[in-house]
Amino acid sequence: MVFSVSLCGGVGVEKWDVVVVGSGPAGSMAAMKAAEGGAKTLVLERQKLPRFKLCGGGVAAWVIKKLRVPESVIDREYKVLEYYAPPDYKALRLPIPASYYGVYRDRFDRFLLSLAEEAGATVREKVKVVDVVMEEGWVKGVVTGNGEKIMSDVVIACDGALSTVARKSGFWDVWFTSKGESWREHMSFCVGVEVEMDDEVIDERFGDSYLFFTGEDVAPIGYAWIFPKKGRLSVGLGSLVETFEEKPKEYITRFIREHPVASKLLEGGRPSPVKGAYIPTSHPYKPSYGAGVLFAGDSAGMVSPITGEGIFYAVRAGMDAGVTAAEAVSEGDFSAEFLSRYEERWEEHIGKHLDFQAELFREAVGKIREGGDFGAELINAFARLIQYLSEYAGRKRK
């Protein structure tokens, strides 16, 4: 339930069953499921909605069907992945096992958040979380930018790759520092633009494909992408944080202007200013739970290190987090032991897929650092991933 606790001077402190930090796919789905389960749920979003989000915007068919995403939110359907690599830059066309859909994150995220609101969650925009309330090792709430404390039985952190909740509650120490690692070792940095282009030209140049590009001049250990949409193209690139030899902006500027294939495909387009963001690209962080706290989506490293896709994993883990939080509220048990069932859930639903991709990525990066050809290693990883997903989909249909 939600209520106010009176303090000295008549100042009240809000108390909710569940506070979700971040209104992206993980946060919206966590809030939806928590509210559906009867928990009084508050979502805190630091930006005004709808907001731009640097992202290719590729969404798996499972998400579209499961959430009944309306056609007005979907910009394009993809059936083929086209891959270009030096030295010949010939297109390698890889049919994908199930349709993939292109969305703009402002509309898509707003739709997901509307599902949470319909379920009964309360949403507050332009509220920045800067700290957590800790009591004897338990997360008991959050602190906002204006110094306000908002208490809760469970905090679900869906606040991105550089999660404030994870850092302030000591989980970065557990995940990274205690192992002698830096958070930077687990991250890639991405830059991107939106390129305006007439729909007729987009259809003629791209058809039903989305495109990946590799090469040291494109991204040292990473790749560039082009996702065609309605009237625009989402164009970007990313690489492991510590591999950039120039400013990331220089890489994407050169890619758009000089790449032997991409420059022709993007000719005549009108690019927006360059945006940048970190994304995790190693493996999910464990434990993804603690006393009074759960982590989902980018905040817990739930991103494919092969494709960079995070929406599917964020949606799935967010649902699992919300279900678990609602159960905790119902049982009155917010201990780490009780909340550990969240990790068991997401492990069953997405853990095996992320673990497989993490192993592929480690193998590819290891061979590259030993002198192997990055383009060849990445396309091998893509091919193995597509085969794995095709075989998995076949087993599910039986």
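Residues numbered from 1 in each chain as written. Predicted model: local features only at pLDDT ≥ 70, side-chain atom pairs only at ≥ 80, totals over all residues. Heavy atoms only, no water.

Assigned secondary structure in the chain consists of twelve helices and 18 strands. Relative to the 2.2 N^0.38 estimate, which gives 21 Å for 398 residues, the radius of gyration of the chain is 21 Å and therefore close to what a compact globule would have. Oriented by its inertia axes, the alpha-carbon framework of the chain measures out at about 70 × 50 × 45 Å. Within the span of the chain, comprising 398 residues, buried residues form 56% of the whole. Across the chain, the fraction of contacts at a sequence separation of at least 24, relative to all contacts at a separation of at least 6, is 71%. As displayed, the chain has an accessible area near 17500 Å², and 49% of this comes from carbon and sulfur atoms. For the chain, the separation between the mean place of its 50 positive charges and that of its 57 negative charges on side chains is 3 Å. (Helix = DSSP H or I, 4+ residues; strand = E, 2+ residues; numbered from the N terminus. Rg over C-alpha atoms; globule rule 2.2 N^0.38 Å. Buried < 20%, exposed > 50% of the residue type's maximum accessible area, 1.4 Å probe, protein only. Contact = heavy atoms within 4.5 Å. Areas by Shrake-Rupley, 256 points an atom, 1.4 Å probe, with all protein chains shown as cover. Lys, Arg positive; Asp, Glu negative; His and termini not counted. Charge placed at Lys NZ, Arg CZ, Asp CG, Glu CD.)

Turning to the pairing of strand 13 (residues 222–228), a few remarks are in order. The buried fraction of strand 13 is high, at seven of seven residues. Burial along strand 13 is two-sided: the residues Gly 222, Ala 224, Ile 226 and Pro 228 and Tyr 223, Trp 225 and Phe 227 are all buried. Of the pairings in the sheet, the one linking strand 12 (residues 209–213) to strand 13 comprises three bridges and is antiparallel in character. The residue bridging Phe 213 from the neighbouring strand is Ala 224, located in strand 13. As paired strands, strand 13 and strand 14 (residues 232–240) are joined by seven bridges and run antiparallel to one another. Across the sheet, the residue bridging to Pro 228 is Leu 233, located in strand 14. Taken together, strand 13 and the strand that follows it, strand 14, pair antiparallel across an intervening segment of three residues, in which Gly 231 is found at a positive phi of about 75°. (Pairing = 2+ DSSP bridges.)

One pass over the full model with this rule turns up 17 salt bridges. As a salt-bridge pair, Arg 110 and Glu 117 come within 3.2 Å of each other at their nearest N and O atoms. Look at Arg 110 and you get partly exposed, because its relative accessible area is 29%. Arg 316 is paired through a salt bridge with Asp 320; the nearest N and O atoms lie 3.6 Å apart. Pair noted here: Arg 316 and Asp 320 are both in helix 9 (residues 311–331), with a separation of four residues, about one helical turn. Note on Asp 320: relative accessible area 5%, which makes it buried. Several salt bridges share partner residues, and in doing so they unite Arg 51, Arg 105 and Asp 109 into one network. (Salt bridge = Lys/Arg side-chain N within 4 Å of Asp/Glu carboxyl O.)

Of all hydrophobic cores here, the largest spans 106 residues; its most connected members are Ile 156 and Phe 213. Setting aside residues up to four positions removed in sequence, Phe 213 forms contacts with Tyr 84, Val 218, Tyr 223, Ala 224, Ile 226, Phe 255, His 259, Val 261, Ala 262 and Leu 265. Within the second largest apolar cluster, 30 residues are counted, among which are Ile 96, Leu 240, Leu 360 and Phe 374. (Core = buried A, V, L, I, M, F, W, Y, C linked by side-chain atoms within 4.5 Å.)

The volume enclosed by the second largest pocket comes to roughly 350 Å³. Lining the second largest pocket are 17 residues, and of these Glu 185, Leu 240, Ser 282, Phe 361 and Arg 369 lie nearest its centre. Looking at the lining of the second largest pocket element by element, the count peaks at six residues for helix 11 (residues 341–369). In the lining of the second largest pocket, the residues fall into six nonpolar, five polar and six charged. (1 Å grid on protein atoms, 1.4 Å probe; cavity = no way out; pocket = protein on both sides within 12 Å on 5 of 7 lines; lining within 4 Å. Points joined across faces, edges and corners; volume = space filled by probe spheres on them. Nonpolar A, V, L, I, M, F, W, Y, C, P; charged D, E, K, R; others polar.)

For the pair helix 1 (residues 25–36) and helix 3 (residues 105–119), the least separation of the axes is 7 Å and the interaxial angle reads 15°. In terms of axis orientation, helix 1 runs roughly parallel to helix 3. Crossing angle aside, the handedness with which helix 1 passes helix 3 is left-handed. Every residue of helix 3 that contacts helix 1 at Pro 25, Ser 28, Met 29, Ala 31, Met 32, Ala 35 and Glu 36 is listed here: Arg 105, Phe 108, Asp 109, Leu 112, Leu 113, Leu 115, Ala 116 and Ala 119. In the contact of helix 1 with helix 3, the residues fall into eleven nonpolar, one polar and three charged. (Axes fitted to C-alpha atoms, helices over the stretch in contact; angles between N-to-C directions. Parallel < 35°, antiparallel > 145°, perpendicular 65-115°, else oblique. Left-handed = near helix turned anticlockwise from the far one by under 90°.)

Turning next to the state of the cysteines. Formally, a disulfide is one covalent bond, and it connects the sulfur atom of one cysteine to the sulfur atom of another. Tallying each qualifying case throughout the model produces zero disulfides. Left unpaired, Cys 158 is separated from the closest cysteine sulfur, that of Cys 55, by 16 Å. Cys 55 supplies the cysteine sulfur nearest to Cys 190, a cysteine that is in no disulfide, at a spacing of 9.3 Å. (Disulfide = S-S within 2.5 Å.)

It is worth spelling out the confidence of the model for the chain at this point. Across the chain, pLDDT averages 92, with 95% of residues at or above 70. Low pLDDT, under 50, characterises residues 4–10; the stretch is placed with seven contacts to residues that sit more than four places away or in other chains. (pLDDT = per-residue confidence, 0-100.)

Quick look at the pairing of strand 6 (residues 92–103) now. Sheet topology note: the strand 4 (residues 58–60)/strand 6 ladder contains three bridges and is antiparallel. By the bridge assignment for strand 6, Val 59 is matched with Tyr 101. Relative to strand 6, strand 5 (residues 74–84) runs antiparallel, the two sharing eight bridges. Paired with Tyr 78 across the two strands is Tyr 100, which belongs to strand 6.

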